[in-house]
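Chain residues, written in single-letter form:
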Amino acid sequence: FTATAENWISLDQYENIEKHTQSGLDLTERYVKFVKERVDIELNYAKQLRNLSKKYTRRGGKEELDSKFSNHQAFQDILTELNDYAGQREVVAEKLTTMVCAELTRHLHELKIERKGHLAEYKKAQQNLELSFKCMENSKKKFEKEWREAEKAIQQAERIEQESASTKADVDKAKQLSHLKTHIADECKNDYAANLQKYNTEQKGLYYIEIPSIFNKLQDMDERRVVKLAEGYRLFAETEKVVMPIIAKCLDGINTASSKTSEKQDSQLFIELHKTGLVPPADVEFEDYSQGIKPAGSDTAVNQTKLRIGKKGFFNKKRQKPPSLEDFSHLPPEQRRKRLQQSIDEINKELQKEKDQSVALEKMKEVYVSNSQLGDPNSLEPQMTQTCQTIHTLKGKLAKYEAWLSEAGGETNTSAINNNQSRTVPVNTSHNQDNFYEDDDFYEDFDDPLGQCTALYSFDGSGEGTVCMQEGELLTLMEKDQGDGWVRVRRRTGDEGYVPASYVKIS
């Protein structure tokens, strides 16, 4: 834009300069809109990622049980990393908004005001020069007019002077008029010369000083706009680069989650969770009736037949599922030992907590005894008595469960038993499954069916209380898994019993 000897053409390119600076502002405004749309995309993307992560995150129940397996937990870790990744997209959107959109919008507003001022300054300078030019033109026209009249007056005076009929008075009058007109013309000439000099000075000042100064200001303004816009371009990439290390950590976390999966570990965990410890049934003995031998001691076999077969199958009698017993004798041996051990661990935690509270109360009582101003020692007696009773009850309960665990063939905590040797806890062994199922009066109708399920694998149903099924068979679900790995189903034949929960797919 600068007016130099080599660049005089720029001085008459006002309209092009105006269009160029406006085009630059329009570009900046378009870029701001572009970044805003990018921010909207980032926020929407982050929202969708969070919703996706939330949708597939486990929520209690069976999913929490599945999370013990490494491949299930790895998927949950991936969802967590994905949620963190969504957070980084939000960070990108926030930085683009504050560092690019807001900053460029503010700068754009300032540039518009500045540009408007420079253009107004240029127009004002042009108007002032135009007024000076009009004034000069008027003085020029007036000088031209007066000079012509003065020439006429001089010619008239010369003509009158040459005429023989003219009197001296006429000649003097004509000469005075010509002198007056000449004087007026000289004044107009001087006025025209002054206005002309003024216009030339103003024009020189406009084209050599004012316009170059205005154009230089516009040039500086546009260059500052370009620098600011380039900074916006740089920040567009820089905001992404800032979060790249964290995004890389999220992706590394996903890789780590995949490497933590172990098919052997998951298989072994599944076996540990679902093994029952049941012994396969013995071979059926041959009974030779042709020899006239009536089998003796067949009560057990009869009872088992009664249990599993009956008229329409064991589970077709009017009955109710045996209630969950306190000693878990209704569960398979291995599952029973696990549940008993779990109960023992919980009791030990409660017992330790009560013991700690008892020790704390004893110390507090000693403090009250040594300094009665802090409190009355007798006020702690009810709480100490209650704590002692709770400890006494928990020890008895612990001994009972350890006895059941020992009966089930599990390893008991000898230290806990030694602490409770002085207590004798009766163990109710009347909950034997054989005796339990023999009483036909116990059974009542089951609840209504809960839905349908399909057998994924064949199951022989040789265990007590179980039912056989074939792969692909459609079954009626009567009871869901209660945490022991078994579900109760009914076949189309009317037979009803328990099958492994992992062997069926619930519709």
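For clarity, every value in this text was computed on a predicted model and none was experimentally measured. (Residues numbered from 1 in each chain as written. Predicted model: local features only at pLDDT ≥ 70, side-chain atom pairs only at ≥ 80, totals over all residues. Heavy atoms only, no water.)

### Examining the pattern of salt bridges
For the record, the criterion: Any Lys or Arg side-chain nitrogen located within 4 Å of an Asp or Glu carboxyl oxygen qualifies as a salt bridge. Runs of E in the DSSP output that reach at least two residues are strands. Runs of H or I that reach at least four are helices, and both are numbered from the N terminus. Partly exposed describes any residue whose relative accessible area lies between the buried limit of under 20% and the exposed limit of over 50%, with all areas from a 1.4 Å probe on protein chains only and scaled to the type maximum.
Throughout the structure, instances matching the rule amount to 24 salt bridges. Glu42 is paired through a salt bridge with Arg89; the nearest N and O atoms lie 2.8 Å apart. Residue Glu42 is located in helix H1 (residues 14-56), and its partner Arg89 is located in helix H3 (residues 70-162); the two are separated by 47 residues in the primary sequence. Residue classification places Glu42 among the buried residues on the basis of a relative accessible area of 6%. Here Glu110 ties to Arg106 by a salt bridge, and the two come within 2.8 Å at their closest N and O atoms. Of this pair, Glu110 and Arg106 both sit in helix H3, four residues apart, roughly one helical turn.

### A look at the pairing of strand S2 (residues 474-479)
Sheet faces and side chains relate simply in a regular strand, where the side chains alternate between the two faces. Note the threshold: A strand pair is defined by DSSP finding two or more bridges across the two strands.
Counted residue by residue, S2 has five buried out of six residues, so it is predominantly covered. Bridge count between strand S1 (residues 451-455) and S2: four bridges; the pairing is antiparallel. Paired with Gln452 across the bridge in S2 is Thr476. In this structure, S2 lies alongside strand S3 (residues 486-490), joined through three bridges in antiparallel fashion. Across the sheet, Leu477 pairs through a bridge with Val489, a residue of S3. Linking S2 back to S3 in an antiparallel pair, the connection comprises six residues, with Gly483 at a positive phi of about 105°.

### Some words on a nonpolar patch on the surface
As a reminder of what qualifies: Only residues whose relative accessible area exceeds 30% and that form no salt bridge enter a patch; like-charged residues are grouped when within 9 Å of one another, and nonpolar side chains (Val, Leu, Ile, Met, Phe, Trp, Tyr) when within 5 Å. Accessible surface is estimated by sampling points in the Shrake-Rupley manner with a 1.4 Å probe; for residues, cover comes only from the protein chains shown.
There is a patch of nonpolar side chains on the surface, built from Leu52, Tyr56 and Phe75 and spanning about 280 Å² of accessible area. As for its position among the elements, Phe75 is in helix H3. On the accessibility criterion, Phe75 (37% relative accessible area) is partly exposed.

### Quick word on the nonpolar core
We count it as follows: Definition used in this section: a nonpolar core is a set of buried Ala, Val, Leu, Ile, Met, Phe, Trp, Tyr and Cys residues joined via side-chain atoms within 4.5 Å. Two residues qualify as a contact provided that any one of their heavy atoms is within 4.5 Å of a heavy atom in the partner residue.
Within the largest apolar cluster, 20 residues are counted, with the highest numbers of intra-cluster contacts made by Tyr14, Tyr122, Leu206, Ile211, Ile214, Phe215 and Leu218. Those elements that place two or more of their residues in this core are H1, H3 and helix H4 (168-259). A per-element tally of this core places H4 first, with nine residues. Setting aside chain neighbours within four positions, we find Leu206 in contact with Ala125, Gln126, Leu129, Ile211 and Pro212.

### Points about H4
Filter applied, for reference: Helix span, expected: 1.5 Å multiplied by one less than the number of residues in the helix. Bend is the name given here to the angle between axes fitted to two runs of seven residues, the run ending at a residue and the run starting at it.
The first and last C-alpha atoms of H4 sit 133 Å apart over 92 residues, in line with the 136 Å expected at 1.5 Å per residue. Of all the bends found along H4, the most pronounced is centred on Leu206 and spans about 45°.

### Focus on the sheet that holds S2
The strands that make up a sheet are held in pairs by hydrogen bonds between backbone atoms, and each pair lies either parallel or antiparallel. Going by this rule: Angles shown run from 0 to 180 degrees and are taken between the N-to-C directions of axes, each axis being a line fitted to C-alpha atoms and, for helices, limited to the stretch in contact.
As summarised here, the arrangement of the five strands in space is S4-S3-S2-S1-S5, forming an open sheet in which the pairing is antiparallel. What marks the edges here is a single partner per strand, and that holds for strand S4 (496-500) and strand S5 (504-506). Geometrically, the sheet is characterised by an average inter-axis angle of 45° between neighbouring strands, direction not taken into account.

### Quick word on the environment of Ser213
Inspection of the secondary structure puts Ser213 in helix H4. Taking the C-alpha atoms as reference points, Ser213 and His118, 95 residues apart in sequence, are found 9.6 Å from one another.

### Some words on the side chain of His118
Within the secondary structure, His118 is located in helix H3. Residue classification places His118 among the buried positions, given a relative accessible area of 10%. In contact with His118, other than residues within four places in its own chain, are Ile214, Lys217 and Leu218.

### What about the confidence of the model for the protein chain?
Going by this rule: Every residue carries a pLDDT, the predictor's confidence in it, which falls somewhere between 0 and 100.
Counting all residues, the mean pLDDT for the protein chain is 80, and 81% of those residues have values of 70 or more. Model confidence for the protein chain, summarised as mean pLDDT per element, is weakest for helix H10 (residues 433-438) at 38 and strongest for H1 at 94. Throughout residues 1-9 the model reports pLDDT below 50, and contacts reaching past four residues in sequence, or to other chains, amount to 15 contacts. The model gives residues 296-323 a pLDDT under 50, and that stretch makes 57 contacts with residues more than four places away or in other chains.

### A short note on the packing of helix H7 (residues 333-370) against helix H8 (residues 381-407)
For clarity, the cut-off: By the definition adopted for this analysis, an angle is roughly parallel if under 35 degrees, roughly antiparallel if over 145, roughly perpendicular if from 65 to 115, and oblique otherwise. Two helices cross in a left-handed way if the nearer one is turned anticlockwise from the farther one by less than a right angle. They cross in a right-handed way if the turn is clockwise.
The interhelical angle for the contact between H7 and H8, taken along N-to-C directions, is 160°, at an axis separation of 9 Å. The angle between H7 and H8 falls in the class roughly antiparallel. Taken as a pair, H7 and H8 cross one another with a handedness that is left-handed.

### Here we look at the environment of Lys355
Note on placement: Lys355 falls in helix H7. Lys355 gets classed as partly exposed once you look at its relative accessible area, which sits at 29%. Taking the C-alpha atoms as reference points, Lys355 and Thr387, 32 residues apart in sequence, are found 8.0 Å from one another. Excluding residues that lie within four positions of it along the chain, Lys355 makes contacts with Ile391 and Lys395.

### A look at the packing of H1 against H4
Note the cut-off: When residues are sorted by character, Ala, Val, Leu, Ile, Met, Phe, Trp, Tyr, Cys and Pro go into the nonpolar class, Asp, Glu, Lys and Arg into the charged class, and all the rest, Gly among them, into the polar class.
Axis separation between H1 and H4 bottoms out at 11 Å; the angle between their running directions is 20°. Judged by the inter-axis angle, H1 sits roughly parallel to H4. Crossing hand, H1 versus H4: left-handed. Together, Tyr14, Ile17, His20, Thr21, Gly24, Leu25, Leu27, Thr28, Tyr31, Phe34, Val35 and Arg38 of H1 and Phe215, Leu218, Met221, Asp222, Arg225, Leu229, Gly232, Tyr233, Phe236 and Glu240 of H4 make up the contact between the two elements. Class assignment for the residues of the contact of H1 with H4 results in 13 nonpolar, five polar and four charged.

### Here we look at the packing of aromatic side chains
The test is simple: Any two rings among Phe, Tyr and Trp, with Trp reduced to its six-membered ring, count as a pair given centres within 6.5 Å; such a pair is stacked if its planes are under 30 degrees apart, edge-to-face if over 60, and tilted if neither.
Summed over the entire model, instances satisfying the criterion amount to 15 aromatic pairs. Between the aromatic rings of Phe34 and Phe236, the centroid separation amounts to 5.4 Å while the plane-to-plane angle is 35°, which identifies the pairing as tilted. With Phe34 in helix H1 and Phe236 in helix H4, this residue pair connects regions lying 202 residues apart in the sequence. Under the relative-accessibility criterion, Phe236 is labelled partly exposed at 22%.

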